Amino acid sequence: MRKFYFYMFLLLSLNVMKAQQQEITVSGNVTGNDTGIPVPGVNVIEKGTSNGVITDFDGNYSIEVSPDAVLEFSFVGYKTLEIPVNNQTELNVTLETETAALDEVIVVGYGTESKRKVTGAVEQVEGEAINKTPVINAAAALSGRAPGLIINQNNSEPGDDNPRILIRGLGTTGNNTPLYVIDGVANRDDLARIDPNDIESVSVLKDASAAIYGAQAANGVILITTKRGKIGKPTVSYSYNHAFVSPTRDVELADASLYAQSVNAYARQRGQDPVYTDEQITNFENGTTPTTDWINEVYKSNSSQERQSLTIRGGGEAVKYFISLGTAFQDGLIRGDETSGFKQYNFRTNLDANITDDLTVSLDLLGREDIRSFLQSDDNTIYGNTIRAAPDIPATINGLPARGREANNPLAIAQGRGYLNQNNNIFNGTVKANYQIPYIDGLSLSGWMAVDIYRNERKHFNQPFTYYQDTDNDGEVEEFTGGPSFNNNFLRLDSQNRKSVTLNASLNYIKSFGDHDIDVLLAYEQNKDEQSSYWVQRNGFQTDQIDQLFAGSANSALQSNNGAASVLTRQNYFGRIKYGYDDKYLAEFLFRYDGSSIFPEGNRFGFFPGVTLGWIISNESFLEDNNVISFLKLRASYGELGNDRVNQFQYLNLFELGGGLVFGDQNVNALFPGVAANPNITWEVSKSYNLGADATFFNNNLSLSANVFKEVRDNILGPRNLSVPGYTGLTLPDENIREVHNEGVELESMYNGTVGEINFYLGGNFTYAKSNQVYLDQEGLYPEEYQSAEGYPVGSELAYEYLGIYRTEEEVDNLPGYGGGIGDPIFRDVNGDDVINNADRTRQELTNIPQIQYGIQIGGDFKGFELNTVFAGQARATQYLRYSFAPGNNGLRYFLETAYDPVLNPEGIFPALNRGNVVDRSTMFYRDISFLRLRSAELAYNLPTGWIAPVGLSSVRVFVSGYNLITWDNLDDDGLTDPEAINIEAWQYPITKNVSLGFNLTF
């Protein structure tokens, strides 16, 4: 037996020695032919195996392979190169660029295409760029990076910070939300909560290229593609960043001196005695009596934000895999608030297996939990009572929350036991199979099934809280109770469940015949989306120590509940035919025959075609050897796209179930007529026109792209200008009668250059998009024809035109107005009838949706250092920003300082205190919200390979980055709110900026 073991050991040893003798170490350096400098990150793989490495920062590599192996070198933007080893131990390689990286793969609807052959208006942002922006919400990282994307960060509250995203502005008076497609599955989720470390790319379809999504495509389509495995040894990456978050600015409130003078002025204007004495005002001014800075008292100087991610990526010829785990965390800005915050936990697994040479199977799994926690009160209560609290009352007393404004001190609310928690649990699963049909080269059959399950649980515990006062000035504070009364405190539980199942089958044929390239896709897809919800509530809690329903009142009058359910089904037949000739002339026809249960039988299906054309002029003989123009392509497209984002069952007569009827001594529910049926309801239809050009110059170092577009949207739902007698109890339905046009221009450029060892880039993008409401059926709806919204942008408002204030009795006598006293506002008498009323309101040309947005990208690298910056800006946008003031209610410094008063400020540009609010809207309070913002900046350093290789690391990257760091705008000098905030009196969670520190490790 011992001899057996000895011979076995000897045999194994000989085999190992033989294997070791058969392998050699090959090393070398990889450079690019465009720059002549080393290329880091190149994949070097022994062909046919999973054995692989990547080049270090200096372009060096070393790999053990068999002497007769073939090495494959690949990197984005360069042609893949295969080189036989032939027993060589040193191979230095020069990679050739693709045509200006124009063979970069772009994700389009239900497929991919090389960038040089894309004929539609499609933008793609790489996941690497998104991951360099230090935000928890991935959607916010797109700002400033792509033309056509109109993005505004209107809120920064943890868990409620989704930006507003529009594609080419507003195209309808209805729902303008784009369609989100994740890994080929529509309506799966949006971009906001995807871990940025999972994202491979984000593509935006802006024209007829979206027609393949039919009745959901009119607002544009955003395609999110997550990472998948690659052939090569496992690559383990860990990333961590911690950010310090603070408001971009604090609105400037009136201090106690200005407030007191304003209160006296307010009283004087009403013939009342002054509230504050001169001595009190003097004490406020010199600091003897301190001012309460409510912003500083309520908000912390900064809060925390954190993200961690662990990914594993690799595979061989048989199986490729990408696995990720991630967490994210944010807390709130209010002092003493241990409730508010956002937490996220997520995992993702994307597996691809080659079962046979012809059959590939994939399995994608995602699980995510989002935990959102808020204070029990709404934004108006929390932030409104911060801004409006008088500066001469304390925020705290002996370190405890004082009464505050109207017994609603945000510090007391924050320390109370009430809360609003919302937990979202999401599971996505997809199984795919692709079969290359034998004997017919280029023909494949694919199918997949996607299951998406969502569960949302919401728990709102609204309870009294404690504040403190020293009512008898003896130095001892007493407790008082604020918040809801016994009958109004409550616990409410909401539950929402959704299950979506999508099935897809497709036949694809891709083949080249000499100069002819053909790509044909025919597909079928169906979806069933089931949703249900309910809520239960009890009021009358005796104690705030038990946050369970049983602890509420047993009185049925203090109990309530409700529920709902819906089912939405879709059935689609779609496809595309792409044809290319001689790599010069390109054409694509897309179509979708779309059906939806939203619409009545007999009117559920619609046909949505699209055509795109391209001409690669640079491949013509007269430009082949041009030293200036490297690439030039013209594009044109036309498509018809739908928008079915409307309420279901509008083709039925709707009834409401309600009480109020008594039979005998019993209250009973009954059906009441609601909205009348519209049996002809259908989807909006967008006719999309686009002309574009793409070009690169000077050996592809400079790239330019331009688009001119127009959209004609009709069949938009809206009410007719009719009415029915009230006794009928009926409400007329919306009908497909409205029409909106939207047109504009997009420009994009990028220059990549090298100076010595410095690589740099400079790029920009510009979008102009303006909507025009062509028909709304508003004839006779308003007192004057010029008040109709037709001819104006979507969202345009009616407002009185502010001319100034009455300063003399002569003006009071001769100019019509509201009130007509000195210090009152003067509005333009538009119709000349010497009366100011609602007939004098005029439409405003601008809204808070910018007609212009632009981005600037500047960066580069030098000896391991990287700098990446993105600027984002907008123009031609206004926001209504007003104030309200009264004794006990503070106001913004700017408005109180500029309000007219014959004693304090006879030259004031605004009406006397609060008199500007005599009308609902006037131009005096519209402000230009144009801005340029340093949206993101990152300074990083890649440690040299020689430092980290001994400890088993292939790369280490450390960085400091920031978001919303600097803003240039017209509001800051006046102490007003951030230009992206949307609350008209700044009663909202502040827009925030952050500075982040982090690192990336790769093993």
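Refer to the structure printed above.
Just so you know, these numbers come straight off a predicted model, no measurement behind them.

This paragraph deals with the packing of aromatic side chains. For the structure on display, the rule yields 37 aromatic pairs. When the ring of tyrosine 110 is compared with that of phenylalanine 574, the centres are 4.4 Å apart and the planes differ by 35°; the resulting orientation is tilted. With a gap of 464 residues between them, tyrosine 110 in the loop between strand E8 (105-108) and strand E9 (111-114) and phenylalanine 574 in strand E30 (residues 559-581) connect regions that are remote in the sequence. Taking relative accessible area as the criterion, phenylalanine 574 reaches 1% and is therefore assigned buried. With a centroid separation of 5.2 Å and 65° between ring planes, the pair formed by tyrosine 894 and phenylalanine 895 is classed as edge-to-face. For tyrosine 894, a relative accessible area of 12% translates into the label buried. Counting every residue linked through ring pairs, the aromatic cluster contains Tyr880, Tyr883, Tyr894, Phe895, Phe910, Phe925 and Tyr926. Above the ring of phenylalanine 342, the side-chain terminus of arginine 193 is found at 4.4 Å from the ring centroid.

Before going further, it helps to spend a moment on the pairing of strand E39 (residues 758-775). Pairing of strand E38 (residues 735-755) with E39 involves 17 bridges; the strand directions are antiparallel. The residue of E39 that forms the bridge with asparagine 742 is serine 771. Counting the residues between successive antiparallel strands, the hairpin from E38 to E39 contains two residues, one of them, glycine 756, with a positive phi of roughly 65°. Where E39 lies against strand E44 (residues 852-862), 10 bridges are found, and the strand directions are antiparallel. If you follow phenylalanine 766 over to E44, its bridge partner there is tyrosine 854.

Strand order in this open sheet of three strands is E4-E1-E7, and the pairing throughout is mixed. Single-partner strands in this sheet number two, and they are strand E4 (60-65) and strand E7 (93-95). Within this sheet the neighbouring strands show an average axis-to-axis angle of 35°, counted without direction.

Glancing now at the side chain of aspartate 161. Here aspartate 161 is to be found in the loop between strand E11 (149-152) and strand E12 (164-167). A relative accessible area of 6% means that aspartate 161 is categorised as buried. For aspartate 161, the side chain forms a polar contact with the side chain of asparagine 137, separated by 3.3 Å. In this view, aspartate 161 contacts Asn137, Gln153, Asn155, Ser156, Arg193 and Gln330; residues no more than four positions away in its chain are not counted.

So, on to the packing of helix H3 (residues 256-269) against helix H4 (residues 278-286). Running from amino to carboxyl end, H3 crosses H4 at an angle of 155°, the nearest separation of the two axes being 8 Å. One element, H3, and the other, H4, form an angle in the roughly antiparallel class. In this structure, H3 contributes Ala256, Ser257, Ala260, Gln261 and Asn264 to the contact, and H4 contributes Ile281, Phe284 and Glu285. When its residues are assigned to classes, the contact of H3 with H4 shows four nonpolar, three polar and one charged.

Bringing the pairing of E44 into the picture now. Direction of pairing for E44 relative to strand E45 (residues 865-875): antiparallel, over a ladder of 11 bridges. Bridge pairing in E45 links aspartate 861 to glutamate 866. With antiparallel pairing between neighbouring strands as the criterion, E44 and E45 make up a hairpin whose turn holds two residues, including lysine 863 at a positive phi of roughly 50°.

All right, on to the sheet that holds strand E5 (residues 70-74) then. Overall, antiparallel pairing links the four strands, which are arranged E3-E2-E5-E6 in an open sheet. At either end of the open sheet lies a strand with only one pairing partner, and these are strand E3 (52-54) and strand E6 (81-84). On average, each strand axis in the sheet is inclined to that of its neighbour by 20°, with strand direction left out of account. Judged from the four bridges that link them, strand E2 (residues 43-46) and E5 form a sheet pairing that is antiparallel.

Rules used in this analysis
Residues numbered from 1 in each chain as written. Predicted model: local features only at pLDDT ≥ 70, side-chain atom pairs only at ≥ 80, totals over all residues. Heavy atoms only, no water. Phe/Tyr/Trp six-rings, centres within 6.5 Å; stacked < 30°, edge-to-face > 60°. Helix = DSSP H or I, 4+ residues; strand = E, 2+ residues; numbered from the N terminus. Buried < 20%, exposed > 50% of the residue type's maximum accessible area, 1.4 Å probe, protein only. Lys NZ or Arg CZ within 6 Å of the ring centre and 35° of its normal. Pairing = 2+ DSSP bridges. Axes fitted to C-alpha atoms, helices over the stretch in contact; angles between N-to-C directions. Polar contact = N/O pair within 3.5 Å; in protein donor to acceptor, adjacent residues only side chain to side chain. Contact = heavy atoms within 4.5 Å. Parallel < 35°, antiparallel > 145°, perpendicular 65-115°, else oblique. Nonpolar A, V, L, I, M, F, W, Y, C, P; charged D, E, K, R; others polar.

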